[in-house]
Amino acid sequence: EAGVVQSPRYKIIEKKQPVAFWCNPISGHNTLYWYLQNLGQGPELLIRYENEEAVDDSQLPKDRFSAERLKGVDSTLKIQPAELGDSAVYLCASSLGLVDGELFFGEGSRLTVL
Amino acid sequence: QKEVEQDPGPLSVPEGAIVSLNCTYSNSAFQYFMWYRQYSRKGPELLMYTYSSGNKEDGRFTAQVDKSSKYISLFIRDSQPSDSATYLCAMRSTNRLAFGKGNQVVVIP
């Protein structure tokens, strides 16, 4: 069974440029998460989807970050414009649900903003 | 006070030693407790999962939960170089999942 797939694995951009990350969750997983992980820190939730509905986006900086999950499957996280402080690893995870089921993480997309 | 506290200090131990990691939490709504292992440049993977106070063993790994003290622990017996990774505690309620900062563990051959 394929795991959570993320792309790109690495991205280097200049500040003020846009960037987008893509995530394909495990088939059948209704819940999809985007996490931000800074160096030496644990993952911090950006947004959680139940199917195509964003049910928790309270920590998403909406002035520059946006996300979508079309048809309740793949998801895209976008940053526009990127700032130096956005340099981090962006992790996507999926699970059968929030209450039950293990979270399966992708390998992450490492962003460097110069 | 953060919801989940995990002392992030790196830990270096000789091969074969017992590794002891712990987290404290403040939110009584947390009912499910997990330990994730994260290798360098990889995503976290679930290592242990428990929802009740007491001990749970899985091979060389033991997860311990004390809900009255809001304290959880992970023990790794007979540590191996392949155990070198960052270990994250995580806690879940019905509508929230929170992670600790993680402990970097290095097992020296």
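From a predicted model like this one, the values you see are computed outputs, not experimental measurements.

Asker: Lay out the sheet that holds strand β8 (residues 75-79) of chain A with the relevant residues and their values.
Answerer: Residue and element names in this part refer to chain A. A sheet is described by the order of its strands in space; here four strands give the open sequence β1-β3-β8-β7, paired in antiparallel fashion. Across the chains shown, the open sheet's two edge strands, defined by having one partner strand only, are β1 (5-7) and β7 (65-68). Averaged over neighbouring strand pairs, the angle between their axes works out to 15° when direction is ignored. Strand direction decides the pairing type here: strand β3 (residues 19-24) and β8, joined by five bridges, are antiparallel. Bridge pairing in β8 links Val-19 to Ile-79.

Asker: An account of the pattern of salt bridges is needed here, citing residue identities and associated values.
Answerer: All names here are of chain B. On inspection of all chains with the given rule, the structure shows ten salt bridges over all chains. One salt bridge connects Arg-77 with Glu-57, and the closest N-O pair in it is separated by 3.7 Å. Placement of Arg-77 in the loop between β8 (71-76) and β9 (85-92) and of Glu-57 in strand β6 (residues 54-58) is noted, with a sequence separation of 20 residues between them. The class of Arg-77 is partly exposed, set by a relative accessible area of 30%. Owing to a relative accessible area of 58%, Glu-57 belongs among the exposed residues under this scheme. We note a salt bridge from Arg-60 to Asp-83, for which the minimum N-O separation is 2.8 Å. Here Arg-60, found in the loop between β6 and β7 (61-66), pairs with Asp-83, found in the loop between β8 and β9; they are 23 residues apart in sequence, far enough to count as distant. Its relative accessible area of 2% is what places Asp-83 among the buried residues.

Asker: Describe the pairing of β6(B), with residues and values.
Answerer: Residues and elements named next belong to chain B. Taken together, the five bridges between β6 and β7 define a ladder with antiparallel strand orientation. By the bridge assignment, Asp-58 is partnered in β7 with Phe-61. Linking β6 back to β7 in an antiparallel pair, the connection comprises two residues, with Gly-59 at a positive phi of about 65°.

Asker: Help me get a handle on the side chain of B:Thr62, residues and values and all.
Answerer: Residue and element names in this part refer to chain B. Assignment of secondary structure puts Thr-62 in strand β7. Judged by relative accessible area, Thr-62 falls into the buried class, the value being 8%. In this view, Thr-62 contacts Met-48, Asn-55, Lys-56, Glu-57, Ser-73, Leu-74, Phe-75 and Arg-77; residues no more than four positions away in its chain are not counted.

Asker: Pulling in residues and values, what's your account of the state of the cysteines?
Answerer: All names here are of chain A. Scanning the model with the defined rule gives two disulfides over all chains in all. Covalently, Cys-23 is tied to Cys-92 through a disulfide, its sulfur atoms 1.9 Å apart. Where Cys-23 bonds to Cys-92 through sulfur, the torsion about that S-S bond is close to -70°, and the disulfide is left-handed. Pair noted here: Cys-23 is in strand β3 and Cys-92 is in strand β9 (residues 88-95), with a separation of 69 residues, a long-range link. For the pair Cys-23 and Cys-92, a shared accessibility class is recorded, and that class is buried.

Asker: How would you sum up unusual backbone geometry? Please name residues and give values.
Answerer: Of note, the amide linkage connecting A:Ser7 to A:Pro8 takes the cis form, showing an omega dihedral of -10°. Although it is not a glycine, B:Arg41 sits at a positive phi angle of roughly 65°. Within the element layout of this structure, B:Arg41 appears in the loop between β4 (32-38) and β5 (45-50). Judged by relative accessible area, B:Arg41 falls into the partly exposed class, the value being 45%. Unusually for a residue other than glycine, B:Lys70 sits at a positive phi of about 55°. Along the chain, B:Lys70 turns up in the loop between β7 and β8.

Asker: So what's going on with the sheet that holds strand β1 (residues 4-5) of chain B? Which residues, and what values?
Answerer: As summarised here, the arrangement of the five strands in space is β1-β3-β8-β7-β6 (chain B), forming an open sheet in which the pairing is antiparallel. Edge positions in the open sheet fall to β1 and β6 of chain B, since each of these has one partner strand only.

Asker: Account for the layout of surface pockets, naming residues and giving values.
Answerer: Its volume calculated, the largest pocket comes out at about 680 Å³. Around the largest pocket, the lining comprises 31 residues; the ones closest to its centre are A:Leu39, A:Gly40, A:Arg110, B:Gln38 and B:Thr86. Every element with two or more residues in the lining of the largest pocket is listed here: β9 and β11 (109-113) of chain A together with β9 and β11 (103-108) of chain B. Per-element accounting of the lining of the largest pocket gives the leading share, four residues, to β11(B).

Reading guide: rules and limits
- Residues numbered from 1 in each chain as written.
- Chains lettered and ligands numbered in written order.
- Predicted model: local features only at pLDDT ≥ 70, side-chain atom pairs only at ≥ 80, totals over all residues.
- Heavy atoms only, no water.
- Pairing = 2+ DSSP bridges.
- Helix = DSSP H or I, 4+ residues; strand = E, 2+ residues; numbered from the N terminus.
- Axes fitted to C-alpha atoms, helices over the stretch in contact; angles between N-to-C directions.
- Salt bridge = Lys/Arg side-chain N within 4 Å of Asp/Glu carboxyl O.
- Buried < 20%, exposed > 50% of the residue type's maximum accessible area, 1.4 Å probe, protein only.
- Contact = heavy atoms within 4.5 Å.
- Disulfide = S-S within 2.5 Å.
- 1 Å grid on protein atoms, 1.4 Å probe; cavity = no way out; pocket = protein on both sides within 12 Å on 5 of 7 lines; lining within 4 Å.
- Points joined across faces, edges and corners; volume = space filled by probe spheres on them.

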